[in-house]
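Observations on the three-dimensional arrangement
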Amino acid sequence: MSMRIAILKFAVALIWLCLATFAAFAPKAGAAAEVANKAGSKTTDSRKSGYDFMSVSTQALQNDDSQNPAMLWVKDGEALWNREAGGDKKSCASCHGLAPQSMRGVAARYPAIEKETRHPINLQQRINLCQKDHQHAALFAPETQEMLGIESYVGLQSRGLAITPPRDTRLAAFTQKGKVRFEQRIGQLDLSCADCHDNNAGKKLGGATIPEAHPTAYPLYRLEWQSLGSVERRLRNCMSGVRAEPYAYGAPEFVELELYLATRATGMRMETPGVRP
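First things first, this report covers the structure right here in the doc. (Residues numbered from 1 in each chain as written. Predicted model: local features only at pLDDT ≥ 70, side-chain atom pairs only at ≥ 80, totals over all residues. Heavy atoms only, no water.)

For the rest of this paragraph, the subject is helix α3 (residues 56-63). Among all positions of α3, only T58, Q59 and Q62 are buried. Take α3 and look down its axis: the buried residues cluster within an arc of 100°, on one side only. Opposite the packed face of α3, turned more than 90 degrees from it, sit the exposed residues V56 and S57. (Buried < 20%, exposed > 50% of the residue type's maximum accessible area, 1.4 Å probe, protein only. Helix = DSSP H or I, 4+ residues; strand = E, 2+ residues; numbered from the N terminus. Arc of directions from axis to C-beta.)

When you line up the elements, N128 lands in helix α7 (residues 123-135). Among the residues examined, N128 registers a relative accessible area of 15% and is labelled buried. In contact with N128, not counting residues within four places along its chain, are L139, F140 and M147. (Contact = heavy atoms within 4.5 Å.)

Describing an aromatic ring pair means giving the distance of the ring centres and the angle of the ring planes. Scanning the model with the defined rule gives 4 aromatic pairs in all. Measuring from centroid to centroid gives 6.0 Å for W73 and Y221, while their planes differ by 55°, and the two rings are tilted. One end of the pair, W73, is in helix α4 (residues 71-81); the other, Y221, is in strand β5 (residues 220-222), and 148 residues separate them in sequence. For the pair formed by W73 and Y221, the shared burial category is buried. It is R222 that lies over the ring of W225; its NZ or CZ is 5.7 Å from the centre. (Phe/Tyr/Trp six-rings, centres within 6.5 Å; stacked < 30°, edge-to-face > 60°. Lys NZ or Arg CZ within 6 Å of the ring centre and 35° of its normal.)

Cis geometry is found at the peptide bond from Y218 to P219, where omega equals -10°. Residue placement: P219 occurs in the loop between β4 (208-209) and β5. Residue P273 follows T272 across a cis peptide bond; omega there is -5°. One can find P273 in the loop between α12 (252-264) and β7 (274-276). Despite not being glycine, H136 shows a phi value in the positive range, around 50°. For H136, the location among the structural elements is in the loop between α7 and α8 (145-156). Classification of H136 by relative accessible area gives partly exposed; the value is 48%. A positive phi angle, close to 55°, is found at D190, a residue other than glycine. Its location among the elements puts D190 in the loop between α9 (172-183) and α10 (193-197). Judged by its relative accessible area of 41%, D190 is partly exposed.

Here we come to the sheet that holds β7. Strand pairing in a sheet takes place through backbone hydrogen bonds and is either antiparallel or parallel in direction. Sheet architecture is open: 3 strands sit in the order β6-β5-β7, paired in mixed fashion. The sheet is open, and its two edges are formed by β6 (227-229) and β7, each paired on a single side. Mean inter-strand twist for the sheet, computed between neighbouring axes without regard to direction, equals 35°. Note: β5 against β7, 3 bridges, orientation parallel. From the neighbouring strand, L220 faces β7, where its bridge partner is G274. (Pairing = 2+ DSSP bridges. Axes fitted to C-alpha atoms, helices over the stretch in contact; angles between N-to-C directions.)

Running from N to C, α9 and α12 cross one another at 95°; their axes reach a closest spacing of 7 Å. By the angle class used here, α9 and α12 are roughly perpendicular. From α9, F174, T175, K177, G178, K179, R181 and F182 reach across to α12, where they touch E253, E256, L257, L259, Y260, L261, T263 and R264. Here the contact of α9 with α12 is built from residues that sort into 6 nonpolar, 3 polar and 6 charged. (Parallel < 35°, antiparallel > 145°, perpendicular 65-115°, else oblique. Nonpolar A, V, L, I, M, F, W, Y, C, P; charged D, E, K, R; others polar.)

This part covers the environment of L191. Examined against the element boundaries, L191 turns out to sit in the loop between α9 and α10. On the basis of relative accessible area, L191 is assigned to the partly exposed category, the value being 28%. For L191 and V242, which are 51 residues apart along the polypeptide, the C-alpha to C-alpha distance reads 6.6 Å. Apart from the residues within four sequence positions on either side, L191 is in contact with Q184, R185, I186 and V242.

Right, let's talk about the state of the cysteines for a bit. The full count for this structure, using the stated rule, is 0 disulfides. Cysteine C130 remains unbridged, with the sulfur of C92 as its closest cysteine sulfur at 7.3 Å. Given the relative accessible area of 23%, C130 is considered partly exposed. Between C238, a cysteine without a disulfide, and C193, which holds the nearest cysteine sulfur, the sulfur-to-sulfur distance is 6.7 Å. (Disulfide = S-S within 2.5 Å.)

Note that every value here comes from positions in space, so none of it alone points to a role or purpose.
Rendered as structure tokens:
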């Protein structure tokens, strides 16, 4: 009897060992998939990321960093981060060190007030200020591979964090201006951002689902563009779509709109770099 009990205990121990080993080596969801699950999870927050409106196949592209085409720009951005440039022969890393540490949460806080002008600037403008003031290097032009690369690399470091606009009273007036622009009817079609993204979100327009316009994943790879693009590129597309004259890249009007969109999305998880249809 004692021998049978001993054999039974050994068998149970062996089963538990097998289960523990399987659990240790079982595949786990990647960082992008975990963020996507949080972005698409059902909570008391009724807001939805653009991710929630996508097909399963497009979601899968964003979930897997090895398949996400935006990661090509991220790799370029990582190289730029460590590359010396300008008259001072400095890299971003010369001042900021390791991006996963120093840039954690930075993208989630922009736009923010620039101390000299006391006006809000977006992340791209902050990058160019660093280029000019600290590296004495040529500025990156909007929507170039260099600008999108470094912006997406910095943005990646905040993936999974909540969007948290600065609690800065100086931003209040600019945020209000952005809200006014969001609700203002423009163009020959006489439509506002709010007409689509507040009043008709979730409905179809030209076969595509209208999202809620939360800037959770920029810069993002858009299948329509076959390229990475910034939130300003998306805003310019929308303005052209309603037959309005788009503002110039970096215009204060765009920064104010970005600021309002960030405030409107406060608390939502960042997904950078995202994928959209």
